[in-house]
Amino acid sequence: MTFQSSITTDKPLCDLRFDEPWAARLFGVTIALSEAGAFTLSDFQAALIAAVTEHEKTAPIDNDETYYTCWLQALSALLGDVGLMGPSALSASERHVATRLLELQHHRHEQRVAGEARRIAPLVVA
Amino acid sequence: MKPRFSVGDSVRVRNLHPEGHTRLTNYVRGKVGVVSIVNAQAWVLPDTRAHNAGENVQPVYNVAFSASEVWGPQAEENVTVNVDLMEDYLDPAERA
Amino acid sequence: MPHDHSDDDELNKPWQAVRTEAIESLLAEIGVIESERVDAIVQHYEENVGPKTGARVVARAWSDPDFKERLLQDGLAACAELGVGGPETEYLHVVENTPEVHNVVVCTLCSCYPWPVLGLPPAWYKSSAYRTRLVREPRKLLAEMGLDLPQSVRIHVWDSISEIRYLVLPQRPAGSDGLDEAALADLVTRDSMIGVATLPPVAEASA
């Protein structure tokens, strides 16, 4: 595979967007944290270098998802280093988010069942 | 802060292997280049901060390396690699 | 719209999305960041800042020799004259392409990129392939990317591993003499400001 097959051409000067909503949030959260003085972007750069180096020991970065996953590993590690969020606090918060998603799923399911019941009801009338 | 090196000085990159974070790229370790830009402003040495050893303020130099110095005989011709390096990473060198 | 997602997407989030949300919600809860600020930052980078910003700087440099001198001297200060800048970049060094010298930018350690002038980096710029090959075999890689440089042209590869960010000032295209700044800015591509492309001659209007 030549490099060309893996690159996008630069026809219009369109502004770039994030492919994944989570990558956009991750980027925004990182900049916001640096604005808030939680760490400097230079600190973050060092953490990103470490995460990229670690990842590239086993596999290349060849798309945005992999790259921003390294970014996420870097931010998780840095939040621990600066004492804002250790691994256990992060896990707890992740469980909280996952639980909320499950509840949402359950709620959706009940809505669907209820919706089906409503559709059936009118046929009873003779 | 008074920079130790000037534009045109030959410098050799120290062969450091500090633990933890470093922005010293492997490919220039031990190589000789020529200072092309002196950034005399105060800079933080990231290695130091990453180790919570305080802020070690020092100038950053852009050093030009010929590709053959970095990669040896298989290097492409007429190529220069310019790398930003902290003063602590550099030693004076005889012109390569 | 990449940011619109259906309810199903919301329920089938990848682990990265769950963790990002976990980080953001906890930090917002303890008052370190505000979600509104995160919204604004994302919007700024997706909509306000991009290669057009850098193109404006380049077009001014082509039109105004004094500005160009200031730009090459202190990139960020000159950009500030055009209202361009941001807290994300402390030092911007602009490197000028000439018939003899071609400059190209990479960050071998991660993906440092001049955000305030070019916006978000393209995926290929962050790839391991670009980051390892550009320093090792730039002429070959650039040729694969569609840029064949004569042997006589010296290639400078700028590896931006410190706080300093680099922007390439491309050569002004042949045939662009009569154009005003806005028309010049339209000619400038992102890739030419990274240094993986040059700008083609401007076709005659009558052609």
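An account of the accompanying structure is given in this report. Fair warning: this is a prediction, and the values are worked out from it, not measured in the lab.

### A word on the overall build of chain C
Moving on, step 1. Of the regular secondary structure elements, chain C holds twelve helices and four strands.
Moving on, step 2. Principal axes of the C-alpha set define a box for chain C whose edges measure 55 × 40 × 35 Å.
Moving on, step 3. Looking at chain C as a whole, 49% of its 207 residues qualify as buried.
Moving on, step 4. Put simply, 70% of the contacts in chain C that link residues at least 6 apart link residues at least 24 apart.

### Focus on the nonpolar core
Moving on, step 1. Grouped together as the largest cluster of nonpolar side chains are 111 residues, with contacts concentrated most on Leu48(A), Ala74(A) and Val104(C).
Moving on, step 2. Residues in contact with Leu48(A), not counting those within four places in the same chain, are Cys70(A), Trp71(A), Ala74(A) and Cys110(C).

### Here we look at the environment of Arg172(C)
Moving on, step 1. Position of Arg172(C) relative to the elements: it lies in the loop between strand 4 (164-169) and helix 11 (181-187).
Moving on, step 2. Taking the C-alpha atoms as reference points, Arg172(C) and Gly119(C), 53 residues apart in sequence, are found 22 Å from one another.

### Describing the interface of chain C and chain A
Moving on, step 1. Taken together, the contact between chain C and chain A spans 55 residues of the former and 56 residues of the latter.
Moving on, step 2. Secondary-structure elements contributing two or more residues to the side of chain C that touches chain A are helix 1 (7-11), helix 2 (15-29), helix 3 (35-48), helix 4 (51-63), helix 8 (123-126), helix 9 (128-136), helix 10 (138-144) and helix 12 (190-194) of chain C.
Moving on, step 3. The residue inventory of the side of chain C that touches chain A, partitioned by class, reads 27 nonpolar, twelve polar and 16 charged.

### So, helix 4 of chain C
The periodicity of an α-helix, 3.6 residues per turn, causes residues three or four places apart in sequence to face the same way.
All names here are of chain C.
Moving on, step 1. With 13 residues, helix 4 should reach 18 Å at 1.5 Å per residue; the first-to-last C-alpha distance of 18 Å fits that figure.
Moving on, step 2. In terms of burial, helix 4 is a largely internal element, eleven of the 13 residues being buried.
Moving on, step 3. Listing the buried residues of helix 4 in full gives Pro51, Thr53, Gly54, Ala55, Arg56, Val57, Val58, Ala59, Arg60, Ala61 and Trp62.
Moving on, step 4. If you follow the buried residues of helix 4, they end up packed against helix 5 (65-73), helix 6 (75-81), helix 7 (115-118), strand 4, helix 11 and helix 12.

### Examining the packing of helix 2 (residues 41-56) of chain A against helix 3 (residues 64-81) of chain A
Residue and element names in this part refer to chain A.
Moving on, step 1. Relative to each other, helix 2 and helix 3 sit at 125°, their axes nearing to 8 Å. Considering their axes alone, helix 2 and helix 3 lie oblique with respect to each other. When you trace helix 2 past helix 3, the crossing you get is right-handed. On the side of helix 2, the interface is formed by Asp43, Phe44, Ala47, Leu48, Ala50, Ala51, Val52 and His55, while helix 3 contributes Cys70, Trp71, Gln73, Ala74, Ala77 and Leu78.
Moving on, step 2. Looking at the contact of helix 2 with helix 3, its residues break down into eleven nonpolar, two polar and one charged.

### Concerning helix 9 of chain C
Moving on, step 1. Every buried residue of helix 9 of chain C is accounted for by Tyr130(C), Arg131(C), Leu134(C) and Val135(C). The buried residues of helix 9 of chain C occupy an angular sector of 105° when the element is viewed end-on, so they sit on one face.
Moving on, step 2. Looking at the buried residues of helix 9 of chain C, the elements they touch are strand 4 (79-86) of chain B together with strand 2 (101-106), helix 8, helix 10 and strand 3 (154-159) of chain C.

### Quick look at the environment of Arg12(B)
Residue and element names in this part refer to chain B.
Moving on, step 1. Of note, Arg12 is situated in strand 1 (residues 10-13).
Moving on, step 2. The exposure class of Arg12 is partly exposed, given the 19 C-beta atoms found within 10 Å.
Moving on, step 3. C-alpha of Arg12 to C-alpha of Ala64: the two residues are 52 residues apart in sequence and 11 Å apart in space.
Moving on, step 4. In contact with Arg12, other than residues within four places in its own chain, are Gly30, Val32, Asp91 and Ala93.

### Points about the packing of helix 1 (residues 21-35) of chain A against helix 3 of chain A
Residues and elements named next belong to chain A.
Moving on, step 1. Running from amino to carboxyl end, helix 1 crosses helix 3 at an angle of 35°, the nearest separation of the two axes being 10 Å. Judged by the twist between their axes, the crossing of helix 1 over helix 3 is left-handed. Contacts between helix 1 and helix 3 involve Ala23, Leu26 and Thr30 on the former and, on the latter, Asp64, Tyr68, Trp71, Leu72 and Leu75.
Moving on, step 2. In the contact of helix 1 with helix 3, the residues fall into six nonpolar, one polar and one charged.

Conventions used here
Residues numbered from 1 in each chain as written. Chains lettered and ligands numbered in written order. Predicted model: local features only at pLDDT ≥ 70, side-chain atom pairs only at ≥ 80, totals over all residues. Helix = DSSP H or I, 4+ residues; strand = E, 2+ residues; numbered from the N terminus. Buried ≥ 20, exposed ≤ 12 C-beta atoms within 10 Å, placed from the backbone. Contact = placed C-beta atoms within 7 Å. Core = buried A, V, L, I, M, F, W, Y, C linked by C-beta atoms within 7 Å. Nonpolar A, V, L, I, M, F, W, Y, C, P; charged D, E, K, R; others polar. Expected span 1.5 Å × (residues − 1). Axes fitted to C-alpha atoms, helices over the stretch in contact; angles between N-to-C directions. Parallel < 35°, antiparallel > 145°, perpendicular 65-115°, else oblique. Left-handed = near helix turned anticlockwise from the far one by under 90°. Arc of directions from axis to C-beta.

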